[in-house]
Amino acid sequence: MTNLSTALRAIRGWHRPLVVHAILMFTLTLASGVGLVVDDRLLLGESVWVKPMKFGFAMGVYGLTLAWLLSKLNRGRRTGWWFGTVFAVAGLLDVGAVAYAATNGTFSHFNNNNEPVAQTVRTVFSVGVGPLLLVTLVIAILVLIDRTGDRAVRRALGAGLGLAAAGMVVALWLAGSAGSTPRTVTDANGDAVLMTGGHGIGDPDGNGMFLTHWSTTGGDLRVPHFVGLHAIQVLLLVTAFLGALASRHGWLRDERVRARLVGVAALGYTGVFAVVTWQAKRGIPVIRLDRQTLVAATVVVGSTLVAAVAVVVAARRRAGSPSGGERCDEVSGVGVPRLWS
């Protein structure tokens, strides 16, 4: 109970509009989960509630991450608050449009019909999508200017936000790669829908994988979009893991060593992002490793491991040298290096 109270007090200090935004997103995720069970309407073979559930969860996690991050700013805090609020509103509009289309049993993306639901969704997307990318870039700049956290944290935040922005840009860029030839499909109401473009490349509608529904018959722009959007969470977890290990391994207490390892992880993650983007662009499903993809993935993984080993070996050698190695960070009472100054 004490830990829960402490956590709630900490969250109360986070960016409030984004916290509310995240709560609404997770509520939509749960409601969509119920919809999967009680509503048998389908769009191209999948429940109308799959997309709202995925969008709600992804946007909730990302919004909660930004809410926490903005609470750590020292300089530019007011600017960050306003831009965070813009993100919260724009995110609600975009995901709300997805849920609105699902409620009406029709497609939210690539729907070129002239009926009211499709027109409303297109209007909302035209207003709401741009601010998400802009705010991500502004927050990245604020974090870098503010020098939030130690070197490892700053590197994780900078790379993570940069990759999130890249994931949004790639999704927009690849959207035209699915082809501009219109096609007619049937929505959950049995009505004809004119579609232009699609998530799949090589097969615009594709045949979805379990749970993610990423295409198994063509490339899928949602893969690099997902990988880029959640880079910040992955890199912050790497940073936290290294911080926890530092209580047992003295050579990790130097923030420069942890920063180098986070940098290696960021470069490796960027390599993965580049590979899945290239794979999607060529119309290759993410579950199929053709020769080119396999070679590229091997190079990324191999070079990342070699770089990480080189950093670890050098750090251990310095820590064991008679001079005592590099300066170590201050360590908190529980033995974990402090992430925030």
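Residues numbered from 1 in each chain as written. Predicted model: local features only at pLDDT ≥ 70, side-chain atom pairs only at ≥ 80, totals over all residues. Heavy atoms only, no water.

Chemist: Help me out: how do you make sense of the packing of aromatic side chains in this one?
Modeler: Geometry of an aromatic ring pair is reported as the spacing of the ring centres plus the angle between the planes. The full count for this structure, using the stated rule, is 4 aromatic pairs. Where Y62 meets F87, the ring centres are 5.6 Å apart and the plane angle is 50°; that geometry is what we call tilted. Of this pair, Y62 sits in helix α3 (residues 50–70) while F87 is found in helix α4 (residues 77–103), placing the two residues 25 residues apart along the sequence. Looking at Y62, the relative accessible area reads 1%, which means it is buried. Measuring from ring centre to ring centre gives 5.6 Å for W214 and F226, while their planes differ by 65°; the resulting arrangement is edge-to-face. Separated by 12 residues along the polypeptide, W214 in the loop between β5 (200–201) and β6 (219–220) and F226 in helix α7 (residues 222–229) bring together distant segments of the chain. Positioned above the aromatic ring of W278 is the side chain of R282, whose terminal nitrogen or guanidinium carbon lies 4.0 Å from the ring centre. (Phe/Tyr/Trp six-rings, centres within 6.5 Å; stacked < 30°, edge-to-face > 60°. Helix = DSSP H or I, 4+ residues; strand = E, 2+ residues; numbered from the N terminus. Buried < 20%, exposed > 50% of the residue type's maximum accessible area, 1.4 Å probe, protein only. Lys NZ or Arg CZ within 6 Å of the ring centre and 35° of its normal.)

Chemist: Mind showing me how you'd approach the layout of surface pockets here?
Modeler: With a probe scaled to a water molecule rolled over the atoms, the places where space remains empty come into view. What the largest pocket holds in volume is close to 1100 Å³. Lining of the largest pocket is provided by 36 residues; of these, F55, H109, H199, R222 and H225 occupy positions nearest its centre. In terms of residue count, the dominant contributor to the lining of the largest pocket is α3 (8 residues). Along the lines of polarity and charge, the residues of the lining of the largest pocket split into 22 nonpolar, 9 polar and 5 charged. (1 Å grid on protein atoms, 1.4 Å probe; cavity = no way out; pocket = protein on both sides within 12 Å on 5 of 7 lines; lining within 4 Å. Points joined across faces, edges and corners; volume = space filled by probe spheres on them. Nonpolar A, V, L, I, M, F, W, Y, C, P; charged D, E, K, R; others polar.)

Chemist: What exactly am I supposed to notice about the environment of G130 here?
Modeler: In this fold, G130 is placed in helix α5 (residues 116–146). A residue is classified by how much of its surface remains accessible, and G130, at 42% relative accessible area, is partly exposed. Sequence-wise, G130 and A90 are 40 residues apart; in three dimensions their C-alpha atoms are separated by 8.6 Å.

Chemist: Before we go on, may I ask you to explain helix α9 (residues 255–281) in this structure?
Modeler: Because each turn of an α-helix spans 3.6 residues, side chains separated by three or four positions end up pointing in the same direction. Helix length check: α9 (27 residues) gives 38 Å between terminal C-alpha atoms against 39 Å at 1.5 Å per residue, within 8%. Regarding α9, its N-cap is D254, as a side-chain oxygen of that residue lies 2.8 Å from the backbone nitrogen of R256 further along. Backbone geometry just downstream of α9 places G283 in the positive-phi region, at approximately 80°. (Expected span 1.5 Å × (residues − 1). Polar contact = N/O pair within 3.5 Å; in protein donor to acceptor, adjacent residues only side chain to side chain.)

Chemist: Can you walk me through the packing of α9 against helix α10 (residues 291–319) in this structure?
Modeler: The packing of two helices is summarised by the inter-axis angle and the distance between the axes. Remark: α9 packs on α10, axes separated minimally by 10 Å, with the N-to-C direction vectors making an angle of 180°. In terms of axis orientation, α9 runs roughly antiparallel to α10. Across from V257, R260, L261, V264, G268, G271, V272, V275, W278 and Q279 in α9, the residues of α10 making contact are Q292, T293, A296, A297, V300, T304, A307, A308, V311, V312, A315 and R318. Grouping the constituent residues of the contact of α9 with α10 by class yields 14 nonpolar, 6 polar and 2 charged. (Axes fitted to C-alpha atoms, helices over the stretch in contact; angles between N-to-C directions. Parallel < 35°, antiparallel > 145°, perpendicular 65-115°, else oblique. Contact = heavy atoms within 4.5 Å.)

Read these as spatial facts, not as claims about activity.
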